[in-house]
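Letter by letter, the chains look like this.
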Amino acid sequence: MLPSYQNSTDLLVNVTESELYSKLIEQLNKDFSLANFNFHLSENSTPLALKEALKKAVKNLILTDFNTYNALLYIVDVSEESIKKIESSDVDVYSEHIVFLILKRIWKKVWFRAKYSS
């Protein structure tokens, strides 16, 4: 069973313990690439560096390229319902929530693929 997480830091700490961290980074890079956004994380990125880079990229997309931002959310498969539940007009707080939703969804993809592929 896939555990639930409180925030992106909690999720990333648990992912690094599962040995699927590099797969999570691979999937993030792939999904950003599919959204035509030049973003690449190194597999050596620490969880904190990953989170900060994601937050910066998401905030940049929200402020400068909303179409690519929407494409990314579609490609990652973040539900509209979960986005609408975010109650913040502060772009930093909002982007932090979006990063968490992105990480949760990508982690779900990676976890299921690892668990059920063979």
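It should be noted that the structure appears before, not after, this text.
Model, not experiment: these values are computed from the prediction.

Turning our eyes to something else, we now look at the overall build of the chain. Scanning the chain for helices and strands turns up six helices and zero strands. Counting helices and strands in the order they occur from the N terminus, the chain gives α-α-α-α-α-α. What you see for the chain is a C-alpha radius of gyration of 14 Å, in line with the 13 Å of a compact globule of 118 residues. The principal-axis extent of the C-alpha atoms belonging to the chain is close to 40 × 25 × 25 Å. Within the chain, the proportion of its 118 residues that are buried is 42%. Counting only carbon and sulfur atoms, one obtains 50% of the accessible surface of the chain, whose full area is about 7100 Å². Put simply, the chain has 14 plus and 15 minus side-chain charges, and the middle of one group is 4 Å from the middle of the other.

This paragraph deals with the environment of Val93. Note on placement: Val93 falls in helix H6 (residues 91–116). With a relative accessible area of 36%, Val93 lands in the partly exposed category.

Of all hydrophobic cores here, the largest spans 38 residues; its most connected members are Leu28, Phe32, Leu50, Ile98, Ile102, Leu103 and Trp107. Of all the secondary-structure elements, those providing two or more residues to this core are helix H1 (8–17), helix H2 (21–34), helix H3 (47–64), helix H4 (66–76) and H6. Of the residues forming this core, the biggest block, eleven residues, is contributed by H6. Among residues more than four places away in sequence, those in contact with Ile98 are Val58, Tyr69, Leu73, Ile83 and Ile86.

Basis of the calculations
- Residues numbered from 1 in each chain as written.
- Predicted model: local features only at pLDDT ≥ 70, side-chain atom pairs only at ≥ 80, totals over all residues.
- Heavy atoms only, no water.
- Helix = DSSP H or I, 4+ residues; strand = E, 2+ residues; numbered from the N terminus.
- Rg over C-alpha atoms; globule rule 2.2 N^0.38 Å.
- Buried < 20%, exposed > 50% of the residue type's maximum accessible area, 1.4 Å probe, protein only.
- Areas by Shrake-Rupley, 256 points an atom, 1.4 Å probe, with all protein chains shown as cover.
- Lys, Arg positive; Asp, Glu negative; His and termini not counted.
- Charge placed at Lys NZ, Arg CZ, Asp CG, Glu CD.
- Core = buried A, V, L, I, M, F, W, Y, C linked by side-chain atoms within 4.5 Å.
- Contact = heavy atoms within 4.5 Å.

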